[in-house]
Amino acid sequence: MNLLATTSTVAISLYALLSTFYRSAQVLYALPTNVSSASDDVAVSGALPSVDVIVPCFNEDPRTLSACLRSIASQDYAGKLQVCVVDDGSGNLDAVAPVHDAYADDPRFSFILLGKNVGKRKAQIAAIRGSSGDLVLNVDSDTILAADVVTKLARKMQDPAIGAAMGQLTASNRNDTWLTRLIDMEYWLACNEERAAQARFGAVMCCCGPCAMYRRSALLLVLDQYETQFFRGKPSDFGEDRHLTILMLKAGFQTEYVPDAVAATVVPDRLGPYLRQQLRWARSTFRDTFLALRLLPELDRYLTLDVVGQNLGPLLLALSSIAALAQLALTATVPWWTGLIIASMTVVRCSVAAFRARELRFLGFSLHTLINIFLLLPVKAYALCTLSNSDWLSRESAKLPNESERQVVIPNPIAGPRAADAKRGSVIAGSIRPTDHSRRSSRFVTSNSICSGE
């Protein structure tokens with residue numbers, strides 16, 4: 001039985017060494033500098049680039065969609081802004097009809113109604129192929145943008161070497177449950193440590209789907225590859241944000257992170273949906289990590305450390321945890337060394353995060369370590385064993401809230417010169433009515449061609 005203790009000790013020691021070196025480098029590179037990037041130094045001259053905002057939606061809660069579109073309508077961007085909302089064959093089309101109607105007379109908004117559900121990726125492509133802006137901003141239908149998001153992302157994209165840029169994500173429903181609070185902190189760490197460090201070398205490995213801007217000329221170069229991704233002979237329909245980012249890097253473009261372009265998105269408030277989401281993300285990460293390995297020789301050595309840390313680290317932690325639990329179960333001896341190292345690393349990481357964020361709540365992120373060991377590591381192992389499975393594992397229908405249910409309060413309230421336009425996007429529960437297609441403008445397009453791959 002000494003073999004179990006030895007295995008656990010060796011694995012956790014290697015994990016500690018790797019993680020300490022990796023996390024230290026990550027925090028160091030994630031620290032802001034006083035040196036502006038080339039794109040920040042470019043003076044705004046001449047006409048601003050036109051921006052197409054694309055919002056794919058499927059069975060979205062009308063209130064959530066309304067809040068999303070209202071935040072887009074309220075953007076303070078001085079250039080041309082067009083918005084395309086793609087309904088991906090929703091079963092609750094009548095319920096969201098008032099939201100569509102609220103923007104039917106706004107010349108900036110157009111709508112595509114797909115005849116059947118074809119997936120988020122094809123819904124995006126349907127809008128991309130029909131739009132013409134210099135920049136394309138992908139926004140999830142459950143996401144609310146701060147009023148200056150388009151302006152700040154477009155400013156970053158002034159550098160022609162940059163193909164994509166993402167903003168900082170927060171959880172709009174952070175205060176709902178203990179889980180949403182943890183996820184909000186997880187998002188902060190993912191953005192302000194992982195992405196911020198990668199951005200130091202112009203190679204953010206995943207421009208997250210809720211809020212990511214792309215250069216149209218770069219996007220068109222990789223659009224066919226993006227549309228026809230396969231894994232082991234099967235179409236790959238999820239992980240579109242990570243795959244598109246990797247394609248941008250393969251095409252020779254930089255990908256960036258803009259921390260002050262803040263977007264708030266709805267996160268799972270229960271463990272079941274959260275674990276299904278993590279399973280889908282894990283499969284996507286493993287698939288595209290294989291693709292990203294070919295890029296590493298062309299990128300800074302830190303990116304190699306990043307890939308090793310994110311993939312080998314969990315493997316060592318899992319091996320150590322399994323050996324420690326087996327030792328406890330079979331010999332009734334407590335693996336003190338393993339527990340001490342894990343606890344120490346957790347305290348240090350949470351303390352550093354609390355110091356950097358200037359928020360004591362990050363000390364509570366220590367609970368995530370238990371979730372990681374006992375839930376997320378098994379999910380990742382299952383994902384690795386089922387990589388060919390492409391089930392989306394998402395909701396099939398929207399749950400409409402009752403009037404008596406509490407409204408979600410979004411941090412960073414939206415304000416801007418188009419606040420009057422935003423008022424028209426409000427939806428009141430109880431006023432939902434069937435769609436009257438006969439009185440809609442010509443900007444409502446029913447499309448069936450995308451469903452057949454045309």
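Higher on the page you've got the structure.
Residues numbered from 1 in each chain as written. Predicted model: local features only at pLDDT ≥ 70, side-chain atom pairs only at ≥ 80, totals over all residues. Heavy atoms only, no water.

> So what's going on with the overall build of the chain? Which residues, and what values?
If you tally the helices and strands in the chain, you get 14 helices and 11 strands. Long-range contacts, defined as pairs at least 24 residues apart, comprise 87% of the intrachain contacts of the chain with a sequence gap of at least 6. When the accessible surface of the chain is totalled, it reaches about 20,800 Å², and 59% of it is carbon and sulfur. (Helix = DSSP H or I, 4+ residues; strand = E, 2+ residues; numbered from the N terminus. Contact = heavy atoms within 4.5 Å. Areas by Shrake-Rupley, 256 points an atom, 1.4 Å probe, with all protein chains shown as cover.)

> Got a sec to walk through helix α4 (residues 93-102)? Specific residues and values, please.
Among the 10 residues in α4, eight count as buried, and that is most of the element. Of all the residues in α4, the buried ones are Ala95, Val96, Ala97, Pro98, Val99, His100, Asp101 and Ala102. (Buried < 20%, exposed > 50% of the residue type's maximum accessible area, 1.4 Å probe, protein only.)

> Break down unusual backbone geometry for me, citing the residues and quoting the values.
Backbone geometry places asparagine 59, a non-glycine residue, at a positive phi of 50°. Following the sequence through the fold, asparagine 59 ends up in the loop between β1 (51-57) and α3 (62-73). Positive phi outside glycine occurs at alanine 332, with the angle close to 60°. For alanine 332, a relative accessible area of 65% puts it in the exposed group.

> Quick rundown of the pairing of strand β3 (residues 109-114)? Include the residues and the values.
Regular strands show a simple pattern: their side chains alternate between the two faces of the sheet. In terms of burial, β3 is a largely internal element, five of the six residues being buried. Here strand β2 (residues 81-87) runs beside β3; their pairing, made up of five bridges, is parallel. What sits directly across from valine 85, in β3, is phenylalanine 111. Read from β2 through α4 to β3, the crossover connection turns out right-handed. (Pairing = 2+ DSSP bridges. Right-handed = clockwise from strand over helix to strand, strands pointing away.)

> Outline the packing of helix α5 (residues 120-129) against helix α8 (residues 216-227), listing residues and values.
Direction vectors running N to C along α5 and α8 enclose 140°, while the axes themselves pass 11 Å from each other. Our classification of the angle between α5 and α8 gives oblique. Once α5 is placed against α8, the crossing between them reads as left-handed. Of the residues in α8, those in contact with Arg121, Gln124, Ile125, Ile128 and Arg129 of α5 are Arg216, Leu219, Leu223, Asp224, Tyr226 and Glu227. Split by residue class, the contact of α5 with α8 holds five nonpolar, one polar and five charged. (Axes fitted to C-alpha atoms, helices over the stretch in contact; angles between N-to-C directions. Parallel < 35°, antiparallel > 145°, perpendicular 65-115°, else oblique. Left-handed = near helix turned anticlockwise from the far one by under 90°. Nonpolar A, V, L, I, M, F, W, Y, C, P; charged D, E, K, R; others polar.)

> Tell me what's going on with the packing of helix α7 (residues 178-199) against helix α10 (residues 271-292), and back it up with residues and numbers.
The angle between the axes and the distance between the axes are what describe a pair of packed helices. Viewed as axis vectors pointing N to C, α7 and α10 meet at an angle of 30°, and their least axial separation amounts to 10 Å. As the angle between them shows, α7 and α10 are arranged roughly parallel. Residues Trp178, Leu179, Ile183, Glu186 and Tyr187 of α7 touch α10, and the partners they reach there are Leu271, Tyr274, Gln277 and Trp281.

> I'd like a rundown of the pattern of salt bridges, residues and numbers included.
What the rule picks out here adds up to 15 salt bridges. Here aspartate 140 ties to lysine 120 by a salt bridge, and the two come within 2.7 Å at their closest N and O atoms. Within this pair, whereas aspartate 140 is found in the loop between β4 (135-139) and β5 (143-145), its partner lysine 120 is found in helix α5, the two being separated by 20 residues in sequence. The pair aspartate 140 / lysine 120 is uniform in exposure class, with both members buried. (Salt bridge = Lys/Arg side-chain N within 4 Å of Asp/Glu carboxyl O.)

> Account for helix α1 (residues 2-30), with residues named and values stated.
Between its first and last C-alpha, α1 extends 41 Å over 29 residues, near the 42 Å set by a 1.5 Å rise per residue. At its buried positions, α1 is contacted by α7, α11 (301-331) and α12 (336-357). (Expected span 1.5 Å × (residues − 1).)

> Requested: an account of the pairing of strand β7 (residues 211-215), with residues and values cited.
With five of five residues buried, β7 lies mostly within the body of the structure. In β7, alternate side chains face the same way, and those of Cys211, Met213 and Arg215 on one face and Ala212 and Tyr214 on the other are all buried. When β4 meets β7, the two strands line up antiparallel, connected through five bridges. Bridging across to β7, leucine 135 finds its partner in arginine 215. Alignment of strand β6 (residues 162-171) against β7, held across three bridges, turns out to be antiparallel.

> Talk me through the side chain of aspartate 241; I want residue IDs and the actual numbers.
With respect to the helices, strands and loops of the structure, aspartate 241 is situated in helix α9 (residues 240-250). Polar side-chain contacts of aspartate 241 include one of 3.0 Å to the backbone nitrogen of glycine 209. Ignoring sequence-local partners within four residues, the contact set of aspartate 241 consists of Cys206, Cys207, Cys208, Gly209 and Tyr214. (Polar contact = N/O pair within 3.5 Å; in protein donor to acceptor, adjacent residues only side chain to side chain.)

> Explain a nonpolar patch on the surface residue by residue, including any values.
Judged by side-chain polarity, Trp178, Leu271, Leu325, Leu328, Val334, Trp336, Leu367, Leu370 and Phe374 come together as a nonpolar surface patch covering roughly 920 Å² of accessible area. Among the elements of the structure, α11 and α13 (367-385) are those that each provide at least two residues to the nonpolar patch. Sorting elements by how many residues they give to the nonpolar patch places α13 first, with three residues. Here valine 334 lies in the loop between α11 and α12. (Patch = residues over 30% accessible without salt bridge, like charges linked within 9 Å, V, L, I, M, F, W, Y side chains within 5 Å.)

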